[in-house]
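The residues making up each chain are set out below.
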Amino acid sequence: KQEVTQIPAALSVPEGENLVLNCSFTDSAIYNLQWFRQDPGKGLTSLLLIQSSQREQTSGRLNASLDKSSGRSTLYIAASQPGDSATYLCAVRQGAQKLVFGQGTRLTINP
Amino acid sequence: DVKVTQSSRYLVKRTGEKVFLECVQDMDHENMFWYRQDPGLGLRLIYFSYDVKMKEKGDIPEGYSVSREKKERFSLILESASTNQTSMYLCASSPFGLADSYEQYFGPGTRLTVT
């Protein structure tokens, strides 16, 4: 059974720092991996999708990498801002349709 | 832009009531999903549907049913609401198929409280 783990569960950093969020999964047979952002009490916003054949994806200050063989993905946030404060979730697509989610990392950027 | 909408942001119901949560997507996606999200348990799949009138159980279907009469609309039904169904409910949609470029798009969520 696929298991997705995100470490750390919470992270607090000062504004301007670069940071890395980690996601690991136990079964490398995935179709893709998505990183989401969730603000308190809100739905999920898709940030990046990395296809199984890709190594990384970039969007603005965000860069996500994927190493299927080791079962790891990282989300790199450059020059963090208070507006980046949110919970970040990773999810792997296993089977044709189903997503398996990690528990998330709650990120706080201090001004 | 893909848009997934949910009928209510907040809902308060009494124990034993029948509850309907509605979800609509505007991208002609075949797949639609219902998840619930609870602190410490993360997101868990309740049901999904890959076509009109088709449904598949997810990880926690007990106490729930679903209905998909039209492609764009997917309803989650709590036949007799209980307090342990108090949760955030999230709907999502995606294209059907094996392409690894297909992603899921989520709605804003419904915070359901059962008293």
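On a predicted model such as this, the values are computed, not experimentally measured, just so you know.

(A) Representation of the sheet that holds strand β8 (residues 72-77) of chain A within the structure. Residues and elements named next belong to chain A. The sheet built from five strands is open, its strands ordered β1-β3-β8-β7-β6 with antiparallel pairing. Only two strands of the sheet have a single partner each, and these edge strands are β1 (4-7) and β6 (56-59). Going across the sheet, the axis of each strand differs from the next one's by a mean of 15 degrees, ignoring polarity. Direction of pairing for β6 relative to strand β7 (residues 62-67): antiparallel, over a ladder of four bridges. Among the inter-strand pairings, Thr58 is bridged to a residue of β7, identified as Asn63.

(B) View of the pairing of strand β3 (residues 19-25) of chain A. All names here are of chain A. Residues Leu19, Leu21, Cys23 and Phe25 point to one face of β3 and are all buried, whereas Val20, Asn22 and Ser24, pointing to the other face, are not buried. Bridge analysis of β1 against β3 gives four bridges, and the strand direction is antiparallel. Its bridge partner being in β3, Val4 is matched across the sheet by Phe25. When β3 meets β8, the two strands line up antiparallel, connected through six bridges. Its bridge partner being in β8, Cys23 is matched across the sheet by Ser73.

(C) Geometry of the interface of chain B and chain A. Each partner contributes residues to the interface: chain B has 27 residues there, and chain A has 22 residues. Where chain B abuts chain A, roughly 1,900 Å² becomes buried across the two surfaces, and 49% of that area is made up of carbon and sulfur atoms. Counting the contacts that link chain B with chain A gives one salt bridge. Measuring nitrogen to oxygen at the nearest pair gives 2.8 Å for the salt bridge that ties Asp59 of chain B to Lys98 of chain A. The tally of links from chain B across to chain A stands at eleven residue pairs in polar contact (both at pLDDT 80 or more). Contributing elements (two or more residues each) for the side of chain B that touches chain A: β4 (31-38), β5 (42-51) and β9 (87-94) of chain B.

(D) Quick look at the side chain of Ser93 of chain B. On the secondary structure map, Ser93 of chain B appears in strand β9. Within polar-contact distance, the side chain of Ser93 of chain B engages the side chain of His29 of chain B at 2.8 Å.

Cut-offs applied
Within any chain, residue numbers begin from 1 and follow the written order of that chain's sequence. Lettering for chains starts from A, numbering for ligands starts from 1, and both go in the order in which the items are written. In view of the model being predicted, local features appear only for residues whose pLDDT reaches at least 70, and side-chain atom pairs are presented and counted only at 80 or more, with totals across whole chains, interfaces and linings using the full set of residues. Derived side-chain values reflect all non-hydrogen atoms in the structure, with water molecules and hydrogen atoms excluded from consideration. Pairing between strands is defined by DSSP: at least two bridges between them are needed. Working definition: helices are DSSP H or I runs of at least four residues, strands are E runs of at least two. Numbering for both runs from the N terminus. Geometry is summarised by axes, namely lines fitted to C-alpha atoms with helices restricted to the contacting stretch, and by angles between N-to-C directions that run from 0 to 180 degrees. Three labels apply to residues, based on accessible area from a 1.4 Å probe with only protein chains included: buried if under 20% of the type maximum, exposed if over 50%, partly exposed otherwise in between. Any pair of residues with heavy atoms lying within 4.5 Å of one another is described as a contacting pair. The quantity reported as buried area is the accessible area (1.4 Å probe) lost by two parts once they are put together, taken as the sum for both. Any carboxyl oxygen of Asp or Glu within 4 Å of a side-chain nitrogen of Lys or Arg constitutes a salt bridge here. Any pair of nitrogen or oxygen atoms within 3.5 Å is treated as a polar contact; in protein, a donor-acceptor pairing is required on top of that, and neighbouring residues in sequence qualify only through side-chain atoms on both sides.

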